[in-house]
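# Report on the structure
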Amino acid sequence: MFKHARFGLGSRAARLRIRFAAVTVLATALIVPVEASAADPSAPTTPTATVSAADPKTAPTGTASTPTGSPATPPQTPGVQAAADAADCAVLPLAPYGPAGDAHATGSLTYRQTACYRVTAPAGVLVVANDDTAVQKTVTTADDQVVCAKSAYVSCALPAAGTYTLVLEGNATYAAAYDIAARSYATTDGCLPAVATGFDQPPTTGRFATEDQVDCRRLDAPPGARILVDTADNDTTTGGYRIVGPTGADACASDGYPYGCVLQGAGPYRMISSSTYHYVGPYALRIRRLSDPVGCPEIGPQAFGTGASQSAVPCRVLQVPAPGPYRVGAPVLRVDGSTLCPAAGICVFDAVGRYTAFVEGHPKSTTVAFVDMKSTAGCVPASDQGAVDPVNRGSLAPGAQACLQLPSPTGATLLVAKPVLKLVDAALADSFEVLNADGAAACDGPLTNCRLTGPAPYRLLVSGTVAPYAVSVFRLDQPVGCPELGQDGFGTDIGASARFDASHPLRCFTVPANAHAAEELFQFAEVQGSTLDRGVLSVVGGCTTGETRSGAVSCKLAAGTATVIVRGPASDAEFHVVRRDVTAAAAGCVPTGTMVGGKPTALTFGSATAAACVRVTGASTDEFRAAVPSGSGVTAAVFGAPGAPGSMTGSGCAFPCAFGGASDYRVVTVPTVGTALPAGPVRLSVWRTATAAGPPPECQKIVSQHGFTLTGTVGPDHPADCVVVPVKAQDSFDLTSVDTGTGQSRPWPTLLLRGDAKNACTGSGDQIFRCRIDGTPAQGYALLIVEGTNDAAVPYRVEAVCRVTQCGSDVLKLTAVSPNTAPRNSTATLTLTGTVLQRTDTVRLTRTGQADLPVTVTGAALDGTSSTGTVNLTGAAFGSWNVVVKSADGTERVLADAFTVVATSHDRLTPQDGSKWDGTKGRTPIKPA
C-alpha cells in the first residue's frame, strides 16, 4: 500500500501545469471560497503539506501558501494551478487481475487539496477504480497533456506505453477518503481460461474476495458475433462486466435490437468482471452466443394438439420449411442473432432456413411451441350448430393448441363461446381464435359476432392455462334449432324455457319478422325463483348492446327476424326467457301520478322475469324523477327520453332516475339480478320536479336568506315533502336532518337545480349535509325534497344554515299594509306584504314627535311574501304613521305614511285652536271648567 504525497498550490514544484478536461463537479460548484485575509479568519486556506515518514523522498518540503488576489469562485471545470514534478509523486504500480493486493493507494483530501502518483502502463485502456465522486482524478502525459479527467470511475485510453501522472484533487469541504487502484485492460496477463458461450453450458462462476477485485476471462467468438451476458439463475449479486478488445476498449456494441450486443473490431476478446457497490462474495454469469448458437435442440413444426418441445436448455433451433405465419412460444432470432419477432406468439417467417427461439430469464425447464398456422395437421372436425349438436370438448397437451376444423363457408357469421361456469365447476381453457386457410385471423368482429373472411377452410384454435376445454360454435346467419319466442305484455309472464345439460350449454330462440316492436326488453333467469348470475343472453338482429349477465337487456331491433341466444352451464339447468315491448305501444303499462309527495304506485313481482311499467306523460319541458325506497331489490330503466335509451344492461337507471325532454315515457322496473325477489309491493314514486314556468305548484317557496327550518311527516303514502329555495351562484348551506327520537332512519334531503339531476348536497353518517350551488341556477331557485327512507311514518325536522352573507337573490321589501287604517284605542291586526318577511322581524309604527308603537309579529308566510302582527293603538295620535320593518340582520325598510289612526264616533278631537269637536254636535267653543 502507498500513502500519497500531499502538496499545496504554492509548493516549489509549480512548474508542472495540469489542464483538466471539462467535467462538471457538483461538490465544486456548491463551494464559493473567498479571499483569505486577517480580516476574514473564517475564510478557507490551503492546508499545510504533510510528510510521509514512510516515503520521505516523495513528500514536498515547506508549507502550502494561501491564495491571494480577488475572491475566486471554484470553476465548473476544476483545475490545479501548479503541481509537483513527476519525481515528487509516489509510484503506483499497476494492479494485477484479481484482488489488487498492495497495488493500491489510500488517503483523504479536502477541497482543493491534491495528491499525485506515477503510473507506468502500456498503450491501451487504463482504469482507475474509485467510486468516490468527492475526489477528481486526472491522468496526464509527461508533457502535461491531459488524457482524461473524471470524478468517479476513470477509463483512459493511453496513446502509448510510458509513465503517466495521476493527480487527485479534493472536491468537498470535508476530508474525502479514497482508495484507488490502476489496471491496464490491454494486458492479458492473469486472464482466466475462456468462458463457455453455449446455451447448454453451465454458468461462469467466481468470487470477489475484495472490493477492488477485477477478473479477466478470454472470450472465444468471431467478430460480429452477438453475445448476451446476464446474471445466472436469477442471481442478485452486485457486479459489473464489460467485453473488451485487444487494447482494453469496449468491443461489444448495442445495435438497437433487444437482445445482446455485437462484437466489434478484431479479437481476441475478453470478459472483464468487477465488484460494484463494495460487494464481496460469489457471482455467476451466463455468457451466451445468440448468433449461430451452440447447444440448442433443433425442432421442426409440430401438429396441432401435440405437446410443445420441452428441454432444460432455454433455446431451440427452428427448422422453417416454408415462409408464412407460425406460432412460436418464445422470441425468435435470425441466424445472426438479430431479432425477428420480439415476443412469443405469431411470427411470420419470410424465408426457409434456421432460426433461434430464445427463452428469456432462467427457467429450470422450457416449453417451446412451433406450429405452422396454415397447417391442418392435428385438426379435428367440429360443429357450427351449437344449439342442436353437442358442445365441442377436448383436452390440451402441455403448451399445445387444439384445432377444430369448421364446416362454415366464407361470409358466415359465428358465435364462439364456452359454457357459463358455476362456482363448483372446474376451470376451462378460455382463449379462442379463428384462422383462415392463410393462417390469418378470420373474424371481422368479435367472437360473439364473427363474420368469416379470407379463404376456407376455417379453424378454431383453443388454448389456455388449463387442459380441459368445451366450446360451442353457433351459425348466427343460418340458425338451426331455434323455436319462436312470443311477446309478453307487462302483467303477463309466459315466455319460453331454455333447458341445458352437459352436452348442450347453448340454446336459441327466433323473434319473427313483423312480430316485434322497434325496441324490446329481454329478460332471463333460472327457474324456481333464482336470479343467480349463471346465464348469458345476447340478441342478434340489429341489437348493439351485445351480451348481458344482468338478467335483462333492452334492444333496438332492426326490421326482419332476430335471434336470441342464451348460454348456460354445461349441466342440468332451466332458464325462463321473456320479451316485452317497451315503446309507446307497450301493453300493460299503467299511468301514474307525478305530484311530489303523492301516493306511490305499488309494484309486485311474482318471478325473476316479472316486470312492471308505469307511463309518465307531460310537456317536453318538464323534468321528472323516479325513486323507490332503498333496498327494494329492483332495477329500473326509462324508455322514451331523447338521447338516453333505457338500457337495462349493467345497473340500468340507478334510483333515483332523472329524465325529461319528451312527452311520453315508460319507467320499467325489474328484479335486480343476484338478489332475492321483493317480499311485498315495491312503492315507485315519480315526481315532476320542474316545469317551463318554474317549480311544481305543490312545492311552496321559502325564505332562505340566512337559513330555514322545515318540519313535517313522511311515510308510505306520503313519501316526500318539497319546498322551493331561492338560491344564487356560490350559495352554500349546511343542512341537518335532526333526530326526532323515533328510532327510525331520518329522512334524506335532496337539493335539485333545474336541468341537473345531481344532488347538490353531500352527506355524512351523522345526517349533516353540505349543499353548494356551483353554477348560476335557472330561474333563481333550487328544489329541496325531504324523502323518507323506510316504510314507517316518520316526523322530521330539517334545519338549514346559510354559510354565506346572504343566500338567494331576494331582498327585504315592504310594499303594503292591510288594513291601512284603524281606530285609536283599539288593537289592530295588520298584514304586511312584500318579500323576505319573517317572523323574526322587528316591526313598529313611527310618527314624528310620537313614541314608536311596537307591532308584535304573530306569523309569517313560508315564502316570505307576508307577515301578520298586532299593535295596541291605545292613546295613539290620530293621523298617518310610518310602518317600519327591520330584519334580524339589521336590514330596515320603511313604508311612509302607510297607516292611519282614525277616530271612532265616540272620540273627542281637539283642534289646534283650542276648539272642541264632537262627532254629533259639530264645533263649539271650549268652556272654562
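In this text, all values refer to a predicted model and were calculated from it rather than measured experimentally. (Residues numbered from 1 in each chain as written. Predicted model: local features only at pLDDT ≥ 70, side-chain atom pairs only at ≥ 80, totals over all residues. Heavy atoms only, no water.)

### What about the overall build of the protein?
For the protein, the count of helices and strands is one helix and 75 strands. Counting all 929 residues of the protein, 49% fall into the buried class. Sequence separation of at least 24 residues holds for 77% of the intrachain contacts in the protein that already meet a minimum separation of 6. (Helix = DSSP H or I, 4+ residues; strand = E, 2+ residues; numbered from the N terminus. Buried < 20%, exposed > 50% of the residue type's maximum accessible area, 1.4 Å probe, protein only. Contact = heavy atoms within 4.5 Å.)

### Brief notes about unusual backbone geometry
Peptide bonds are, in most cases, trans, and in most cases residues other than glycine have a negative phi. The amide bond that connects Ala-456 to the next residue, Pro-457, takes the cis arrangement and shows omega of 0°. Looking along the chain, the bond that leaves Ser-818 and enters Pro-819 is cis, with omega of -10°. In this fold, Pro-819 is placed in the loop between strand S66 (813-818) and strand S67 (821-823). At Asn-514, a residue that is not glycine, the phi angle is positive and equals roughly 65°. Positionally, Asn-514 belongs in the loop between strand S43 (506-511) and strand S44 (519-526).

### Quick word on the sheet that holds S43
Spatially, S43-S47-S45 is the arrangement adopted by the three strands of the open sheet, whose pairing is antiparallel. Edge positions in the open sheet fall to S43 and strand S45 (536-540), since each of these has one partner strand only. Recorded for the sheet is a direction-independent mean angle of 20° between the axes of neighbouring strands. Bridging between S43 and strand S47 (residues 562-567) involves six bridges; their strand directions are antiparallel. Residue Cys-508 lies in a different strand from S47, and its bridge partner there is Ile-565. (Pairing = 2+ DSSP bridges. Axes fitted to C-alpha atoms, helices over the stretch in contact; angles between N-to-C directions.)

### A few points about the sheet that holds strand S57 (residues 700-701)
Taken in spatial order, the four strands make up an open sheet running S57-S59-S64-S61, and their pairing is mixed. The sheet is open, and its two edges are formed by S57 and strand S61 (748-752), each paired on a single side. Looking at chain direction, S57 and strand S59 (residues 720-726) are connected through two bridges and run parallel. Pairing of Gln-700 across the sheet is with Val-723, part of S59.

### Considerations on the state of the cysteines
As enumerated under the stated definition, the model contains 13 disulfides in all. In this model Cys-443 forms its disulfide with Cys-450; the gap between the sulfur atoms is 1.9 Å. As the torsion about the S-S bond is roughly -90°, the Cys-443-Cys-450 disulfide counts as left-handed. (Disulfide = S-S within 2.5 Å.)

### Details of the side chain of Thr-592
Mapped onto the elements of the fold, Thr-592 is located in the loop between strand S49 (590-591) and strand S50 (601-603). In terms of polar contacts, Thr-592 uses its side chain to reach the side chain of Thr-601, at 2.8 Å. Once residues within four sequence positions are removed from consideration, Thr-592 is found in contact with Thr-601, Val-614, Arg-615, Val-616 and Val-686. (Polar contact = N/O pair within 3.5 Å; in protein donor to acceptor, adjacent residues only side chain to side chain.)

### Things to note about the confidence of the model for the protein
Residues of the protein with pLDDT of at least 70 account for 84%, and the chain-wide mean is 83. Note that residues 912-929 has pLDDT below 50 and, in this model, 20 contacts with residues that lie over four places away or in other chains. (pLDDT = per-residue confidence, 0-100.)

### Quick look at the pattern of salt bridges
What the rule picks out here adds up to 22 salt bridges. Its salt-bridge partner being Asp-444, residue Arg-451 comes within 2.8 Å of it at the nearest N-O pair. By relative accessible area, Asp-444 is classed as partly exposed at 44%. In this structure, the salt-bridge partner of Asp-477 is Arg-475, at a minimum N-O distance of 2.7 Å. Residue classification places Asp-477 among the partly exposed positions, given a relative accessible area of 36%. A single network of salt bridges, built from pairs that share partners, joins Asp-384, Arg-475 and Asp-477. (Salt bridge = Lys/Arg side-chain N within 4 Å of Asp/Glu carboxyl O.)

### Some remarks on the environment of Thr-835
Here Thr-835 is to be found in strand S68 (residues 827-835). When the C-alpha atoms of Thr-835 and Lys-813 are compared, they prove to be 5.0 Å apart, with 22 residues separating the residues in sequence. Contacts of Thr-835, omitting those with residues within four sequence positions, involve Val-811, Leu-812, Lys-813 and Gly-864. Of the polar contacts made by the side chain of Thr-835, one reaches the backbone oxygen of Val-811; its length is 2.6 Å.

### Things to note about the environment of Pro-795
Inspection of the secondary structure puts Pro-795 in strand S65 (residues 794-802). Linking Pro-795 and Thr-742, residues 53 residues apart in sequence, is a C-alpha distance of 7.8 Å. In this structure, Pro-795 is in contact with Gly-712, Thr-713, Thr-740 and Thr-742, ignoring residues within four places of it in sequence.

### Remarks on the environment of Ile-494
Assignment of secondary structure puts Ile-494 in the loop between strand S41 (487-488) and strand S42 (496-500). For Ile-494 and Val-577, which are 83 residues apart along the polypeptide, the C-alpha to C-alpha distance reads 8.6 Å.

### What about the packing of aromatic side chains?
Under the counting rule described, the total for this entry stands at 16 aromatic pairs. A centroid spacing of 5.3 Å and a plane angle of 25° characterise the contact between Tyr-326 and Phe-370, whose relative ring orientation is stacked. A residue pair is termed long-range when its members are at least 10 positions apart, and Tyr-326 in strand S25 (residues 324-328) and Phe-370 in strand S31 (residues 370-372) qualify at 44 residues. Under the relative-accessibility criterion, Tyr-326 is labelled buried at 0%. You can call Phe-370 buried: its relative accessible area is 0%. Arranged with centres 4.7 Å apart and planes meeting at 65°, the rings of Phe-349 and Tyr-355 form a pair that is edge-to-face. Put simply, the rings of Tyr-326, Phe-349, Tyr-355 and Phe-370 pair up and form one aromatic cluster. (Phe/Tyr/Trp six-rings, centres within 6.5 Å; stacked < 30°, edge-to-face > 60°.)

### Section: the side chain of Asp-581
With respect to the helices and strands, Asp-581 occurs in strand S48 (residues 573-581). Buried charge Asp-581 goes without a salt bridge, the closest partner of opposite sign being Arg-666 at 7.0 Å. Here Thr-583 takes part through its backbone nitrogen, which lies 2.7 Å from a polar atom of the side chain of Asp-581. Excluding its chain neighbours within four sequence positions, the residues that come into contact with Asp-581 are Gln-487, Asp-488, Phe-490, Ala-517, Glu-519, Glu-520 and Ala-586. (Lys, Arg positive; Asp, Glu negative; His and termini not counted.)

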